[in-house]
Amino acid sequence: MTTPIPQNFVQTIAKQRGVTDAELETVFMALDGQSTATIATKLGISDIAVRKRLGEVYKKFQIGGNGPGKLSELRHQLLFSYHTDQGTSDFSRGKGSLLKVAIGHRQEDWGQAPDVSVFYGRTEELTTLKQWIVSDNCRLVALLGLAGSGKTTLSVQLAKQVQNEFDVVIWRSLRSTPAPSDFLGSLIQLFSNQQKPDVPIDLNSKISRLVEYLRKHRCLVILDDFEAILRPEELAGHYREGCEGYRDLIVRLCEVNHNSCLLLVSSEEPTELALLAGEKVRSLKPAISEEIAREIFQEKGLSPQDQELEILLSRYGGNLLALKIVATTINEFFEGNVLKLLEATALFIEEHISNLLAQQFDRMSSSEQEIAYWIAIAQSPIALATLREQMLVNSSLSDLLKNLDSLGRRSLIDKISEGGETVFMLQPLIVQYVTDRLVDQIRGEVLETVKTQGIERMRLLKTHKLSINIAKRKGDKCEPISSILALVKNRLQVLFVKTTGFEEPLNILKKVASDLEDKSILEVGYARENLAQIISEIQR
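The shown structure was predicted, so the numbers you read here are calculated from the model rather than taken from an experiment.

1. Describing the sheet that holds strand β10 (residues 421–426)
Link 1 in the chain: Read across the open sheet, the three strands follow the order β8-β10-β9; overall the sheet is antiparallel. Each of the sheet's edge strands pairs with one partner strand only, and the pair in question is β8 (382–383) and β9 (413–418).
Link 2 in the chain: Judged from the six bridges that link them, β9 and β10 form a sheet pairing that is antiparallel. Paired with Lys415 across the strands is Phe424, a residue of β10.

Following this line, the structure appears as structure tokens:
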């Protein structure tokens, strides 16, 4: 193992956590820096089986979250346990504690930063980021994008390449949502050479003390998982209760003069960044990269044709994690033939990717979710005027724009200028996920309608029209998903055939639809029209 921990010590700790021999063998190889592909080959199992074993180990060590940082956190937990057992004091901050390494006059504290043994492409992004951070002396740089787009890996590679330009490099993950005061106190402790520095009590004074250090030393501070301290189920970019002090920290670090840099890595943009953006405050979203996609597939022994790669990129966008999972799936289930997967399914979403997308969706406000459903139904970029026309709730233009802006800050929606107007579209993976979620909820509402013979439990059937016609834009290479109505029909057919047969529930739906004929749209929304279309679709 590359970590300075005796294997017998790791084995003892692992057994106390209920880790099996097979899981322990796998985790030893992972801690030794071997890739999942190498481990799979040596053990004679699949990549998926390797990830499942490691996943079980992470659960037993209570390591949550997603992405490559989990192995590093496991390593740090083991290091902490070992050094505590040996009576050393390098690790004094509990679970996930961090090792501070002095290198000449420099200090590095990499915390939970993942190991980046393999890195693909991103030459242009790295050049731009280095220019901003080293040459332009930006005080804050935000690296934004969806989970799975490679932000954390890119930020680690960037930090490694520029570390010699700084006196101090500090890495922190905010996944555990530390209180601002505690977080600042830990940084002040780190900067201080004293055993027990005189840490100010109030937040403002702590920020001032930190600014003093950032002026005295040229520092690079990386904050990963920044979205964890932002409030879910509301418009994007607002802080959780008790975390508002981070806003004060960011504003101060952006506005005062110093030669250090704060690098934020987040799937969600804080609201204040738009106001602070300028010469010293910039943000970047990693682009979709054909080069990286090709290298991911080559690592798995696959050589997709140019046209096949183009289709994959149109389907999965810049989600590198999804492309890695797809490459593994092609090897395991399609004999390494990329074309067979493309012909078998329009878009493959594995459970892990689905969970990531669910986390993104569940962070949205209810009004953002409503808009996401409308765009998924349209299956094409949708204009602002069309959204306002179709939505039954008469929200103001200001509110609608706020919601669209919020979706943009979550990196979920793209704005495109087309024919003199702005249209909005969701990322392909998000479209697929939202469509699946919508169809599942519609199916549930139809079954409740059959069960209760009424519309009291309807929501989406009332608020969303399931068929809207929007012209497909020129040059759109994304393949359309089957219509919402067709997907609902497929789900209902399977269920009805398994239970009572088709006639009885269909007759109930017809009766309910008939009862709605004299009802106004203000009373029942789109329910009457949607039921009529579902009935028609089933009868085809």
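Moving on from the coordinates now.
2. A word on the nonpolar core
Link 1 in the chain: Ile442 and Ile534 are the most contacted members of the largest nonpolar core, which totals 79 residues.
Link 2 in the chain: Examining the composition of this core, we find that 10 residues originate from one element, helix α20 (residues 428–452), more than from any other.
Link 3 in the chain: Those residues in contact with Ile442, other than ones at most four positions away along the chain, are Leu460, Leu461, Leu466, Val488 and Ile534.

3. Some words on the packing of aromatic side chains
Link 1 in the chain: Within this structure, the stated rule accounts for six aromatic pairs.
Link 2 in the chain: On the numbers, 6.2 Å between centres and 85 degrees between planes, the contact of Phe226 with Tyr239 is edge-to-face. Residue Phe226 is located in the loop between β5 (219–224) and α10 (245–255), and its partner Tyr239 is located in the loop between β5 and α10; the two are separated by 13 residues in the primary sequence.
Link 3 in the chain: According to the relative accessible area criterion, Phe226 is buried, its value standing at 0%.
Link 4 in the chain: For the ring pair Phe361 and Tyr373, a centre distance of 5.7 Å and an interplane angle of 55 degrees mean the geometry is tilted. Pair noted here: Phe361 is in helix α16 (residues 351–363) and Tyr373 is in helix α17 (residues 366–378), with a separation of 12 residues, a long-range link.
Link 5 in the chain: Aromatic rings pair up to connect Phe361, Tyr373 and Tyr433 into one cluster.

4. Quick notes on the pairing of β10
Link 1 in the chain: Inspection of the sheet shows β8 paired to β10 by two bridges, in the antiparallel sense. Bridging from a neighbouring strand, Ala383 pairs with Val423 of β10.
Link 2 in the chain: In this antiparallel pair of consecutive strands, β9 and β10, the connection spans two residues, and Gly419 shows a positive phi of 60 degrees.

5. Points about helix α4 (residues 47–60)
Link 1 in the chain: Between its first and last C-alpha, α4 extends 20 Å over 14 residues, near the 20 Å set by a 1.5 Å rise per residue.
Link 2 in the chain: All buried positions along α4 are accounted for by Asp47, Val50, Leu54, Val57 and Tyr58. One side of α4 carries all its buried residues, which in axial view fall inside an arc of 100 degrees. Exposed residues pointing more than 90 degrees away from the buried face of α4 are listed as Lys52 and Lys59.
Link 3 in the chain: Of the residues trailing α4, Gln62 is marked for its positive phi of about 55 degrees.

6. Focus on helix α7 (residues 151–162)
Link 1 in the chain: The end-to-end C-alpha separation of α7 is 16 Å, in line with the 16 Å expected for 12 residues at 1.5 Å each.
Link 2 in the chain: With nine of 12 residues buried, α7 lies mostly within the body of the structure.
Link 3 in the chain: Of all the residues in α7, the buried ones are Lys151, Thr152, Leu154, Ser155, Val156, Gln157, Leu158, Ala159 and Val162.
Link 4 in the chain: The inward-facing, buried residues of α7 contact α6 (123–135), β3 (140–144), β4 (168–173), β5 and β6 (261–266).

7. Observations concerning the side chain of Arg172
Link 1 in the chain: Looking at where Arg172 falls in the secondary structure, it is placed in strand β4.
Link 2 in the chain: A polar contact is formed between the side chain of Arg172 and the side chain of Asp109, at a distance of 3.4 Å.

Calculation notes
Residues numbered from 1 in each chain as written. Predicted model: local features only at pLDDT ≥ 70, side-chain atom pairs only at ≥ 80, totals over all residues. Heavy atoms only, no water. Pairing = 2+ DSSP bridges. Helix = DSSP H or I, 4+ residues; strand = E, 2+ residues; numbered from the N terminus. Core = buried A, V, L, I, M, F, W, Y, C linked by side-chain atoms within 4.5 Å. Buried < 20%, exposed > 50% of the residue type's maximum accessible area, 1.4 Å probe, protein only. Contact = heavy atoms within 4.5 Å. Phe/Tyr/Trp six-rings, centres within 6.5 Å; stacked < 30°, edge-to-face > 60°. Expected span 1.5 Å × (residues − 1). Arc of directions from axis to C-beta. Polar contact = N/O pair within 3.5 Å; in protein donor to acceptor, adjacent residues only side chain to side chain.

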